[in-house]
Amino acid sequence: MLKLLKYFSLAQWIGLIVMLGLIFLQTQITMAIPGQLGTIINAVTDGQRDVIWKSGGIMFALAISEVFVIIIINYLSSHIGSGFAKTLRHKTFEKVQQFSMDEISGFSTASLITRCTNDIQNVQMTITMSLRMLVTAPLMAISAILKILQSDKQLSLITMIALFVLVALIITCVTIVVPKFKHIQKYTDDINMLARENLTGLRVIRAFNTEDEEEEKFDNTNKSLTHTQKVVENVMNLLFPTMNFLNKTLSLVIVWVGSYLIARNTIDIGTVTTFSQYSVHILMSFLTLSMVFVMIPRALVSANRINEVLQTQVKIRSGTGKTPAVADGSITFSDVSFAYPHGDENVLENINLDIKPGETWAFIGSTGSGKSTLINLIPRFFDVSTGKILVDGMDVRDYNLKELRNKIGYISQKTLLFSGSIRENLLDGNPDATEEDMWEALRIAQAKDFVETLDEGLDYNLSQGSTNVSGGQKQRLSIARALIKKPEILIFDDSFSALDFKTDQELRSTLSTLLDSTTTIIVGQRIGTIMNSDRIVVLDDGKIVGMGTHKELLKNCPVYQQIAYSQISKEELDNA
Amino acid sequence: MPRGRVNQVSKARDFKKSFRDLLKYLKAYKWAVLLAVCLIVVGTVLFMLATRLVGDITNELQTASDDERAINFALVTKNALIALSFLITNYVFNYSSFVIMTIVSQNITYRLRKEISEKINRLPLSFYDHESFGDILSRITNDVDITANNLSSVVNQTFQSITMIISAVVLMFTINVPMTFVTFCCIPLSLLIVLLVVRFSQKYFRIQQNALGTVNGKIEEIFTNHTIVKAYNLEPRTMSDFDTSNNELYNAAWKSQFYSGIMNPLFGLVGNLAYITCALMGAFYAIDKVLLIGDVQVFITSVRNFNQPLSNISSISASVQNLMAANERIMDFLGASEEDPEDDKTATIENVKGSVEFDHVVFGYDPNVPIIHDFSAKVTPGQKVAIVGPTGAGKTTLISLLMRFYDIQSGDIRVDGVSIYDMKRSTVRDLFGMVLQDTWLFRGTIRENLTYGKEISDKELEHICKEAKIDHMIKSLPGGYNMELTEDSSISQGQKQLLTIARAMVQNSPMLILDEATSNVDTRTEELIQEAMDRLTVGRTSFVIAHRLSTIKNADLILVLRDGNIVEQGTHAGLLSAGGFYSDLYRSQFENK
Ligand SMILES: Nc1ncnc2c1ncn2[C@@H]1O[C@H](COP(=O)(O)OP(=O)(O)OP(=O)(O)O)[C@@H](O)[C@H]1O
Ligand SMILES: Nc1ncnc2c1ncn2[C@@H]1O[C@H](COP(=O)(O)OP(=O)(O)OP(=O)(O)O)[C@@H](O)[C@H]1O
Ligand SMILES: [Mg+2]
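First, a word on scope: everything that follows refers to the structure included in this document. (Residues numbered from 1 in each chain as written. Chains lettered and ligands numbered in written order. Predicted model: local features only at pLDDT ≥ 70, side-chain atom pairs only at ≥ 80, totals over all residues. Heavy atoms only, no water.)

**Let's talk about the site of ligand 2**
Turning to step 1, where the next piece is worked out: K371, S372 and T373 of chain A together with S492 and G494 of chain B are the nearest of the 20 residues found near ligand 2.
Turning to step 2, where the next piece is worked out: Ligand 2 is flanked by residues contributed from chains A and B.
Turning to step 3, where the next piece is worked out: A distance of 2.9 Å separates an oxygen atom of ligand 2 from a polar atom in the backbone of G368 of chain A.
Turning to step 4, where the next piece is worked out: Separating an oxygen atom of ligand 2 from a side-chain N or O atom of T373 of chain A is a distance of 2.4 Å. (Near = heavy atom within 4 Å. Polar contact = N/O pair within 3.5 Å; in protein donor to acceptor, adjacent residues only side chain to side chain.)

**Topic: the interface of chain A and chain B**
Turning to step 1, where the next piece is worked out: The interface is formed by 170 residues belonging to chain A together with 168 residues belonging to chain B.
Turning to step 2, where the next piece is worked out: On inspection of chain A and its partner chain B, the count reaches 7 salt bridges.
Turning to step 3, where the next piece is worked out: For D428 of chain A, the salt bridge identified is with R237 of chain B, shortest N-O distance 2.8 Å.
Turning to step 4, where the next piece is worked out: For the pair chain A and chain B, the interface holds 56 residue pairs in polar contact (both at pLDDT 80 or more). (Contact = heavy atoms within 4.5 Å. Salt bridge = Lys/Arg side-chain N within 4 Å of Asp/Glu carboxyl O.)

**Brief notes about the side chain of S337 of chain A**
All names here are of chain A.
Turning to step 1, where the next piece is worked out: When you line up the elements, S337 lands in strand β1 (residues 331–338).
Turning to step 2, where the next piece is worked out: Taking relative accessible area as the criterion, S337 reaches 11% and is therefore assigned buried.
Turning to step 3, where the next piece is worked out: Dropping the residues within four chain positions of it, S337 is found in contact with N346, L348, E349, N350, V384, S385 and T386. (Helix = DSSP H or I, 4+ residues; strand = E, 2+ residues; numbered from the N terminus. Buried < 20%, exposed > 50% of the residue type's maximum accessible area, 1.4 Å probe, protein only.)

**Regarding the packing of helix α2 (residues 49–98) of chain A against helix α6 (residues 186–224) of chain B**
Turning to step 1, where the next piece is worked out: Where α2 of chain A meets α6 of chain B, the closest approach of the two axes is 11 Å, and the angle between their N-to-C directions is 10°. What the angle tells us is that α2 of chain A and α6 of chain B run roughly parallel. Considering only the axes of α2 of chain A and α6 of chain B, their crossing is left-handed. In contact with R89, F93, V96 and Q97 of chain A of α2 of chain A, α6 of chain B contributes V215, I219, I222 and F223 of chain B. (Axes fitted to C-alpha atoms, helices over the stretch in contact; angles between N-to-C directions. Parallel < 35°, antiparallel > 145°, perpendicular 65-115°, else oblique. Left-handed = near helix turned anticlockwise from the far one by under 90°.)

**What to know about the site of ligand 1**
Turning to step 1, where the next piece is worked out: Taken together, 21 residues form the shell around ligand 1, and within it S470, G472 and Q473 of chain A together with T396 and T397 of chain B come nearest.
Turning to step 2, where the next piece is worked out: Those chains with residues close to ligand 1 are chains A and B.
Turning to step 3, where the next piece is worked out: Contact with the protein chains removes 90% of the 630 Å² of surface that ligand 1 exposes when unbound.
Turning to step 4, where the next piece is worked out: Taken together, the residues of the shell around ligand 1 break down into 6 nonpolar, 13 polar and 2 charged. (Areas by Shrake-Rupley, 256 points an atom, 1.4 Å probe, with all protein chains shown as cover. Nonpolar A, V, L, I, M, F, W, Y, C, P; charged D, E, K, R; others polar.)

**Thoughts on the packing of aromatic side chains**
Turning to step 1, where the next piece is worked out: Applying the stated criterion across every chain yields a total of 30 aromatic pairs over all chains.
Turning to step 2, where the next piece is worked out: For the pair F8 of chain A and F84 of chain A, a centre-to-centre distance of 4.2 Å together with 15° between the ring planes defines the contact as stacked. One end of the pair, F8 of chain A, is in the segment before α1 (10–46); the other, F84 of chain A, is in helix α2, with 76 residues separating them in the sequence.
Turning to step 3, where the next piece is worked out: Note on F8 of chain A: relative accessible area 9%, which makes it buried.
Turning to step 4, where the next piece is worked out: With centroids separated by 5.0 Å and ring planes inclined at 80°, the aromatic side chains of F363 of chain B and Y365 of chain B adopt a geometry described as edge-to-face.
Turning to step 5, where the next piece is worked out: Here Y365 of chain B falls in the partly exposed class, since its relative accessible area comes to 42%. (Phe/Tyr/Trp six-rings, centres within 6.5 Å; stacked < 30°, edge-to-face > 60°.)

Shown next as structure tokens:
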């Protein structure tokens with residue numbers, strides 16, 4: 001929790017200090033009001049009515065000023081609490097944005113979502129609710145303790161015992177509860193994950209009639225969460241009644257014991273009454289603190305979880321090299337091997353490629369042979385294990401990440417668009433794109449016709465996961481988003497898979513006439529899609545088993561031959 | 001303008017309704033709540049009595065010292081013991097009522113979560129066209145959490161405060177009536193303040209919960225699309241997008257807190273005014289010898305006692321407002337209209353043969369814009385039917401209609417002569433094993449994913465995967481069948497597709513639907529699987545959608561779809577020789593322009 005304190009801004013610190021001052025002022029005022037009572041009572045004995053009126057007036061003025069002080073405190077505390085939460089959310093979100101794929105999967109998306117909202121909400125609530133109590137309660141307690149210690153020893157001892165019991169109780173409860181709160185936040189992650197899974201899998205779940213199973217899975221976590229919550233709360237529930245009990249019992253014991261002490265003439269009645277008042281003060285302040293202690297454990301756990309995110313070292317970071325002057329889109333792989341961060345086997349081995357500017361290269365190979373992995377190394381979604389990759393002659397690790405990725409138009413295998421209008425999604429490709437640019441990109445991507453038929457046109461709102469357009473339409477929109485960027489290098493990861501042959505063919509032929517100077521990398525499964533590439537790389541089990549043109553490979557690469565013949569008969573191939 | 005969907009914030013909805021909704025849930029536990037309330041009330045009364053007894057002891061000490069006589073220890077001890085027993089009872093009662101209310105409110109939150117999770121599966125798919133997942137998730141986590149955190153404490157504190165107020169009032173009445181009336185004025189005045197402030201602040205609590213939902217939605221979607229954010233350097237855009245919502249949340253958060261916090265000092269002021277008035281009145285009474293000075297002191301202390309619970313109420317009211325705002329969002333979701341009920345539908349098919357008939361089907365996602373116009377086709381049992389056509393032709397739509405994901409506008413679809421609208425949705429869906437265009441796997445082992453919803457032994461499972469030629473691929477993965485798939489599945493797209501195919505095969509349904517099931521799978525593997533599938537589905541009707549025409553060459557019937565209409569149908573050879581749209585499509589894969 002303390003680690004998060006550094007995210008307070010200067011203004012927030014100042015506000016905090018002002019607030020503490022005001023809180024101190026407020027406690028003084030609060031105490032001053034009953035203080036006037038003494039004057040009044042004295043005046044009663046002397047029968048001075050005007051003094052009583054005056055005291056009444058002072059009390060009134062104090063009461064009014066108290067209102068203003070509290071309102072200012074309240075203003076400050078609500079700003080500081082919510083402002084701090086806002087800063088934390090901003091920082092956490094910003095941090096996650098910097099994460100590479102590895103860190104994201106380390107935390108899991110669902111957990112990152114919980115941390116960004118639910119956990120921060122917990123911290124905020126505790127801060128705003130407890131700031132004041134955290135200041136007033138110790139203030140009250142300390143002054144009362146000091147006064148008590150000056151008076152009777154035996155009675156002080158009793159108070160100290162009560163205090164000790166309390167502190168022991170608080171410590172025990174907190175120790176029991178903190179690990180449980182870790183579980184609670186973990187379960188919240190799971191609740192989030194399961195519900196999210198259910199939402200993304202709506203159709204499959206319905207198709208398989210497995211609603212009950214999903215609900216049962218959810219129910220199990222829900223039960224565990226509820227159970228842990230009950231345990232935690234019932235432990236924390238002990239605090240308040242115990243405090244209350246100790247509080248009253250203490251004053252009872254004090255007068256009781258006091259009565260014997262008075263009988264033995266060790267103390268007088270006045271000491272007993274003032275003493276019992278002060279001891280009540282101490283315990284009252286602990287009572288207020290108990291409400292804080294109920295909230296703090298959960299906030300601690302949450303703060304810790306937020307901190308975990310903020311402290312994570314991002315592995316893939318911008319290099320410091322100077323951007324090369326020639327930006328023609330050449331790509332070189334030299335002796336590249338790669339294993340996923342948590343996998344032990346190499347997924348790619350010894351890859352050497354020399355892609356010249358403006359060339360079109362295709363990658364083909366069986367499922368899981370490493371095609372996606374290979375191209376994901378170019379925009380540095382992952383770093384190579386050994387060897388190096390050069391873009392425009394410079395190691396990708398030396399690039400500023402932003403500049404490197406600016407050179408690349410990447411179309412992922414799994415189409416991902418944002419909810420919102422088509423226009424907004426295209427602007428993601430190039431924020432400066434004009435209306436014409438958009439239609440041009442859509443035209444090349446063969447999506448123009450379909451967007452034109454929509455009533456809203458470019459303003460058609462895509463739903464989350466773009467479920468309100470067809471698979472092929474979705475894919476073409478993501479292609480248009482890449483094209484509108486006009487990058488040096490275009491990467492298609494099996495991005496024609498949802499297109500019919502005709503569209504695929506038209507798309508490629510438009511592309512090839514337009515993109516003479518763009519280096520293009522295509523991962524494909526269809527021979528038809530890739531046969532006209534300048535060079536085709538055949539991957540098998542992470543190794544290159546063939547490289548050359550379609551004709552060359554047909555002659556000398558057995559794997560390629562098998563792939564080719566699985567799609568089209570010999571005669572058709574020969575005709576082509 | 002903010003991006004994407006904007007939440008319809010703060011539509012005026014009445015407070016009473018969401019309160020009633022919540023009461024419905026509390027009603028199930030009415031005896032427990034009643035017991036808890038009794039315990040609180042009795043406990044608090046005992047507590048007050050104990051306070052009184054302690055006061056009596058002090059009085060005894062005081063008078064003894066004033067009169068210079070010996071202290072009556074019998075009385076002191078008796079009072080002390082009674083007070084102690086009261087305090088202990090109060091302690092037990094107090095804790096018990098807390099426990100009861102905790103259990104009740106946790107059970108209610110459990111129910112709320114459960115109902116939301118069930119609701120998700122009962123809403124029509126079209127509902128999700130306008131909702132962000134993150135916002136729904138926020139309801140199930142953040143909003144429910146708020147309910148959990150506030151419900152029990154609200155009930156406990158309310159009753160506790162009320163009893164304390166009443167006991168304090170009773171105590172005061174025994175001392176002086178006019179002064180008690182002065183204190184009494186606090187109550188309507190306080191209520192007035194509550195009403196005024198709530199009217200103002202409630203709005204911000206509502207905005208706050210909605211804004212939290214929006215923020216959660218943004219976060220969820222942006223994190224899901226992390227790859228794209230990285231690839232397109234979208235960080236500045238997503239950041240500013242996020243900051244907009246974050247700011248909105250911040251504004252609502254501080255306002256709701258500030259405005260609801262105003263109540264506290266106002267209550268304090270009211271209490272202080274009563275206190276001052278009583279002090280003055282008491283002082284003058286004392287001068288006029290109407291009251292003893294000791295009584296005045298007791299009275300004034302009880303005015304303090306009276307103010308304490310009153311100011312508690314101000315903090316309770318903030319909890320209540322937050323609770324209501326959160327609860328309203330939960331109830332909104334639970335109240336969304338579901339798919340039509342179908343309890344009256346009883347039709348089933350024994351011994352499915354597998355004839356499927358589309359009879360003049362008309363359908364549009366927007367009823368005014370038909371996508372399928374008057375579609376009719378007849379499939380005889382055991383046929384392998386391929387549906388081809390350009391993207392967006394309506395192939396997936398057709399399948400969705402068959403699976404009853406959406407309901408047609410007119411016409412009928414019949415399986416073995418029985419309309420699928422006479423059957424329950426689950427009955428219809430049981431007829432088909434399905435592989436969707438979108439690969440979806442859940443976190444868990446590969447085995448759990450494959451046996452999804454079915455009880456079959458490991459041996460059988462392996463047998464089926466071997467038959468389907470997928471066993472080899474699975475075994476090559478680290479951990480084989482026991483490999484844990486993560487949320488963002490650490491396997492290749494093609495491997496995912498193979499798993500979804502295996503999953504459908506395990507279902508062993510009478511009919512099969514494959515929508516672009518192998519689009520990311522390499523063609524050699526695809527060929528193997530195809531053969532296997534042909535073997536496994538002998539005699540079963542199957543529907544195949546594929547763009548790779550190699551996938552569908554050997555279909556018994558090819559339906560060529562274009563703009564929601566069948567433009568051609570026949571076999572591969574037949575359609576090729578006809579030289580129409582299909583042969584065009586087929587030949588385009590070899591064309592070199
Ligand atoms: N949920 C929806 N709401 C509104 N329109 C939709 C929705 N889903 C699909 N559409 C539209 O309906 C039409 C047919 O879509 P469908 O998904 O059936 O096409 P398809 O033939 O399967 O295409 P593909 O080969 O690209 O998958 C498309 O124009 C699409 O934009
Ligand atoms: N995040 C990951 N962590 C660990 N292993 C992974 C991860 N992603 C993929 N793999 C494994 O790496 C291998 C190569 O995967 P990759 O996605 O590169 O295949 P691919 O050639 O693109 O296949 P496909 O044609 O199916 O898309 C596969 O065996 C896969 O299981
Ligand atoms: Mg891939």
